[in-house]
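# Topology and contacts: notes
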Amino acid sequence: MSAQHEQDQVQQPLWGLKILRGSLWLWVQVAGNLLLSLVFSWTILHQLSPAGFGHVVLVQSILDIANLGTLNLETALQRLIPEYRSGKGWNQVRQTVSIVLWIKLLLSGLAALIIFLAAPLIADVYATPELAGWLRIGCLSVLFAGLTQFGNALCLGILRPEFSAVTMFLQRLCEVLLLGFFLQQNLGVAGVILALGIGDTIAAFSTCFLSLQHLWRESSGGVDQPQMVQQAKTILAYSLPLFGATIIDRVGVNLNKLLIGKLAGATLLGFYGVARLAVERILPFLWQVPQMSIAVLAEKRAGTNEDHYDEPILRKIFRYQWSLGGLSFLAIWSVAPLFVSIVSGEAYLPAVPVLRLASLGIVVWSGYICSTAVFQLYRRTLGNLLVMSGQF
């Protein structure tokens with residue numbers, strides 16, 4: 001026990017450096033996404049009216065809810081794959097990847113089909129005939145967004161976040177270029193949804209190809225079918241509570257948007273969408289270090305029989321999260337009028353009070369993200385569901 005503890009003390013800086021190195025790639029990814037997303041959003045806001053932007057928000061909210069139907073089994077890849085790879089459990093690796101990939105493919109196709117068929121009914125509910133066509137275009141995003149999630153999670157699971165960073169930058173760049181072209185063709189809201197759908201398609205194929213090619217080069221051998229059931233149970237036990245937490249989160253966010261769109265109209269939904277836009281662009285910065293720590297420390301666990309992790313590293317992550325969350329809240333509160341006027345224009349200034357109130361949630365999310373990382377490290381993901389239920 002003491003020898004293992006001394007070895008952990010010696011290797012602690014190495015694990016911390018590995019987390020930092022991976023997090024730097026994720027920060028580069030988020031920064032690139034943020035920059036190109038702001039260009040994308042700025043173009044929409046200056047080319048479309050507040051009502052037009054509200055329609056974009058409405059379509060994306062419906063598609064986001066549809067994506068819940070694909071579950072989030074990919075979260076198991078981020079936690080289980082590093083541990084299996086470190087222990088040379090290649091059969092478990094291949095089983096886990098195969099199960100998650102095929103389920104995501106099946107459910108993504110089913111969700112896209114449901115949205116395609118239900119589009120006219122949804123358009124009738126919102127008394128917007130054009131909504132049916134926009135939703136059917138958005139089926140492209142529903143079909144491939146699940147595969148993008150799978151690919152990104154697998155990139156973290158094999159500790160190659162640079163694959164995800166490069167492909168996500170390529171996705172956002174293509175979306176911006178396509179948006180400019182489609183708006184020049186006067187496609188309006190349809191052009192925005194189509195650009196996002198093509199971007200999701202590019203990201204799905206790129207991340208899946210890079211991560212699977214790298215993983216298959218490492219592993220060998222076939223899949224032991226009798227063990228597939230047990231491996232599926234492990235995946236479901238880990239990921240379903242996280243799926244429940246995701247449902248609560250997304251339903252809460254998107255239900256607000258849908259109710260505002262129904263009760264207050266597309267213009268006020270556009271103001272709310274601007275406020276949410278700023279907060280949703282900041283939140284990814286809070287996730288990167290905890291995300292990378294899950295994969296790296298899971299790999300570390302495979303090399304020890306002790307059911308514990310480096311407490312000093314976890315304490316540093318907690319301090320980092322609260323500091324970054326507090327600074328982000330203060331920054332958004334201070335620059336809210338400037339942000340709205342630059343990104344959205346004077347017509348969206350009524351969104352400033354909403355943005356300041358929404359920024360309070362960043363502090364709350366800082367704590368939630370920390371607890372998420374700890375629960376996932378110990379495979380106690382039911383704790384994530386309980387914490388999210390308490391917030392809701």
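Because the structure is a prediction, the values reported are computed rather than measured. Counting restarts for each chain, with residues numbered from 1 along the sequence as it is written. Local features in this predicted model are restricted to residues whose pLDDT is 70 or higher, and side-chain atom pairs enter the listing and the counts only when it is 80 or higher, whereas totals over whole chains, interfaces and linings include all residues. As a convention, hydrogens and water are excluded, and side-chain values are obtained from all of the structure's heavy atoms.

### Looking at the packing of helix α5 (residues 130-157) against helix α7 (residues 189-218)
Operational definition: To obtain an axis, a line is fitted to C-alpha atoms, over the contacting stretch when the element is a helix, and the angle between two such axes runs from 0 to 180 degrees between their N-to-C directions. Numbering goes from the N terminus for both helices and strands, where a helix is a DSSP run of H or I of at least four residues and a strand is a run of E of at least two. Here roughly perpendicular refers to angles of 65 to 115 degrees, roughly parallel to angles under 35, roughly antiparallel to angles over 145, and oblique to all remaining angles. Handedness of a helix crossing follows the sense of rotation of the near helix relative to the far helix, less than a right angle counterclockwise being left-handed and clockwise being right-handed. Classes in brief: Ala, Val, Leu, Ile, Met, Phe, Trp, Tyr, Cys and Pro nonpolar; Asp, Glu, Lys and Arg charged; the others, Gly included, polar.
Contact pair α5 / α7: the axes reach a minimum separation of 7 Å and the direction vectors enclose 25 degrees. On the basis of their axis angle, the class for α5 and α7 is roughly parallel. Crossing handedness for the pair α5 and α7: left-handed. Counted by class, the contact of α5 with α7 contains 20 nonpolar, 9 polar and 1 charged residues.

### Regarding the nonpolar core
For clarity, the threshold we go by: To form a nonpolar core, buried Ala, Val, Leu, Ile, Met, Phe, Trp, Tyr and Cys residues must be joined to one another through side-chain atoms within 4.5 Å. Here the term buried applies to any residue with accessible area under 20% of the maximum for its type, exposed to any over 50%, and partly exposed to those in between, with areas from a 1.4 Å probe on protein chains only.
Membership of the largest hydrophobic core comes to 61 residues, with the highest contact counts inside it found for F40, I62, L131, L135, V192 and L355. Top element by residues in this core is helix α9 (residues 266-301). It accounts for 9 residues. Counting residues in each nonpolar core, the second largest holds 28 residues, with L77, I158, C208 and M228 among its members.

### Brief notes about helix α11 (residues 352-377)
Our working rule: Here a helix's expected span is defined as the number of its residues, less one, multiplied by 1.5 Å. Note on bend: the value at a residue is the angle between axes fitted to the seven residues ending there and to the seven starting there.
Here α11 spans 38 Å end to end across 26 residues, near enough to the 38 Å set by a 1.5 Å rise per residue. At V364, α11 is deflected by roughly 30 degrees, the largest bend along its length. Positioned one or two residues after α11, R379 has a phi angle of 55 degrees, which is positive.

### With respect to unusual backbone geometry
For residues other than glycine, phi is negative in most cases, and the peptide bonds are mostly trans. Not every positive phi belongs to a glycine, and N186 is a case in point at roughly 60 degrees. On the secondary structure map, N186 appears in the loop between α6 (161-184) and α7.

### Description of the packing of aromatic side chains
Aromatic ring pairs are reported here in terms of the distance separating the ring centres and the angle at which the planes meet. Filter applied, for reference: Aromatic rings from Phe, Tyr and Trp, with only the six-membered ring used for Trp, were paired whenever their centres fell within 6.5 Å, and each pair was classed as stacked if the ring planes differed by under 30 degrees, edge-to-face if by over 60, and tilted otherwise. In this scheme, the term charge over a ring applies when either NZ of a lysine or CZ of an arginine sits within 6 Å of the ring centre and within 35 degrees of the ring normal.
Here the structure, examined in full by the defined rule, presents 3 aromatic pairs. Centroid distance F144 to F205: 5.5 Å. Interplanar angle 45 degrees. Geometry classified as tilted. Of this pair, F144 sits in helix α5 while F205 sits in helix α7; the two residues are 61 residues apart in sequence, bridging distant segments of the chain. Above the plane of the ring of W216 lies R94, whose end atom (NZ or CZ) is 4.7 Å from the centre. The residue whose ring lies beneath R136 is F116, and the NZ or CZ to ring-centre distance is 4.5 Å.

### Observations concerning the confidence of the model for the chain
Put simply, the rule is: For every residue, the predictor states its confidence as a pLDDT score lying anywhere from 0 to 100. Two residues form a contact once any of their heavy atoms are found within 4.5 Å.
Within the chain, residue pLDDT values average 81, and 90% of them lie at 70 or more. Within the model, pLDDT remains below 50 along residues 1-10, and this stretch shows 8 contacts once partners closer than five positions in the same chain are excluded. Considering only residues more than four positions removed or in separate chains, one finds that residues 222-226, a stretch of pLDDT under 50, has 9 contacts.

### Focus on the side chain of S206
Note that S206 resides in helix α7. Residues within four places of S206 in sequence aside, it is in contact with T167 and L170.

### Observations concerning the pattern of salt bridges
The criterion, for reference: When a carboxyl oxygen of Asp or Glu lies within 4 Å of a side-chain nitrogen of Lys or Arg, that pair is called a salt bridge.
Overall, the coordinates contain 5 salt bridges when judged by the stated rule. Here R79 ties to E83 by a salt bridge, and the two come within 2.7 Å at their closest N and O atoms. Residue R79 and its partner E83 are located together in helix α3 (residues 75-86), separated by 4 residues, close to a single helical turn. By relative accessible area, R79 is classed as buried at 0%. Put simply, R379 and E83 hold a salt bridge, and the shortest N to O gap is 3.4 Å. One end of the pair, R379, is in the loop between α11 and α12 (382-391); the other, E83, is in helix α3, and 296 residues separate them in sequence. Under the relative-accessibility criterion, R379 is labelled partly exposed at 29%. Sharing partners across several salt bridges, the network here consists of R79, E83 and R379.

### Here's the deal with the environment of G367
By the secondary structure assignment, G367 is in helix α11. We classify G367 as buried; its relative accessible area is 18%. Here the alpha-carbon distance between G367 and Q321, two residues 46 residues apart in the chain, equals 7.3 Å.

### Structural notes on the environment of Q376
In this fold, Q376 is placed in helix α11. Each C-alpha atom, one on Q376 and one on A298, is 9.4 Å from the other, the two residues being 78 residues apart in sequence. Not counting residues within four places of it along the chain, the set of residues in contact with Q376 comprises R79, Y238, L242, I294, T381 and N384.

### Some details on the environment of Y368
With respect to the secondary-structure elements, Y368 resides in helix α11. In sequence terms Y368 and M388 are 20 residues apart; their C-alpha atoms lie 7.8 Å from each other.

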